[in-house]
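Coordinates in review
Below are the chains, spelled out letter by letter.
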Amino acid sequence: MIIQLGLTLVIPLLACLYFCYWLCDHTGVGSWVYIIGLIFGIGAGIMTWYKLYLRAKKHNKKKDKKPFGFNDHV
């Protein structure tokens, strides 16, 4: 799970920065594009980490529930 979390944070950032590099190389846009790419990359990493966290939390919550039996009363 640690490797998954690390990849979840790093891959979107690297992908956005690579896209900024490609954009600067092919279109001649200024290097200010890297700042926008950095912001979007960090935001994408945080969002995917948050979704992974919610999924793990939901999975752990399901494990804690006891099965409902015939003699269980509220």
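Residues numbered from 1 in each chain as written. Predicted model: local features only at pLDDT ≥ 70, side-chain atom pairs only at ≥ 80, totals over all residues. Heavy atoms only, no water.

**Thoughts on the overall build of the protein chain**
We apply this condition: Only DSSP runs of H or I with at least four residues qualify as helices, and only runs of E with at least two residues qualify as strands; both kinds are numbered from the N terminus onward. Burial classes: relative accessible area under 20% of the type maximum marks a residue as buried, over 50% as exposed, and values in between as partly exposed (1.4 Å probe, protein chains only).
Secondary structure assignment for the protein chain yields two helices and zero strands. In the protein chain, which comprises 74 residues, the share counted as buried stands at 12%.

**Points about a nonpolar patch on the surface**
Where we set the bar: The patches described consist of residues with a relative accessible area above 30% and no salt bridge, like charges being joined within 9 Å and nonpolar side chains (Val, Leu, Ile, Met, Phe, Trp, Tyr) within 5 Å. In short, Shrake-Rupley with a 1.4 Å probe defines the accessible areas, and a residue's cover is counted only from the protein chains shown. Whenever a carboxyl oxygen of Asp or Glu lies within 4 Å of a side-chain nitrogen of Lys or Arg, that contact is scored as a salt bridge.
On the surface, I3, L7, L9, V10, I11, L14, W49, Y50, Y53 and L54 cluster together into a nonpolar patch covering about 950 Å² of accessible area. Breaking the nonpolar patch down by element, the ones donating at least two residues are helix 1 (2-27) and helix 2 (33-64). The leading source of residues in the nonpolar patch is helix 1, at six residues. Tracing the sequence through the fold places L7 in helix 1.

**Some words on the side chain of T8**
As a reminder of what qualifies: The contact rule is simple, with two residues in contact once any of their heavy atoms fall within 4.5 Å.
Among the structural elements, T8 can be located in helix 1. Each residue touching T8, except ones within four places of it in the same chain, is listed here: G45, T48, W49 and L52.

**So, the packing of aromatic side chains**
In plain terms, the rule: What counts as a ring pair is set by centres within 6.5 Å for rings of Phe, Tyr and Trp (its six-membered ring), and what kind of pair is set by the plane angle: stacked under 30 degrees, edge-to-face over 60, tilted for all other angles.
Scanning all chains against the criterion turns up three aromatic pairs. Note on Y18 and Y21: the rings are 6.4 Å apart at their centroids and 40° apart in plane angle, and the pair reads as tilted. Here the residue Y18 and the residue Y21 both occupy positions in helix 1, the gap between them amounting to three residues, near one helical turn. Residue Y18 is classed as exposed on the basis of its relative accessible area of 56%. Plain terms: the ring middles of F19 and W22 are 6.1 Å apart, the flat faces sit at 25° to each other, and that makes the pair stacked. Highlighted residues: F19 and W22, both in helix 1, separated by three residues, approximately one helical turn.

**Structural notes on helix 1**
Along an α-helix, a turn takes 3.6 residues, which lines up residues three or four apart on a common side. Rules: In a helix, the anticipated span is given by 1.5 Å times the number of residues less one.
In this model, helix 1 (26 residues) spans 38 Å end to end at C-alpha, consistent with the 38 Å of a helix rising 1.5 Å per residue. Taken together, the buried positions of helix 1 are T8, P12, C20 and C24. Within two residues after helix 1, G28 carries a phi angle of roughly 80°, on the positive side.

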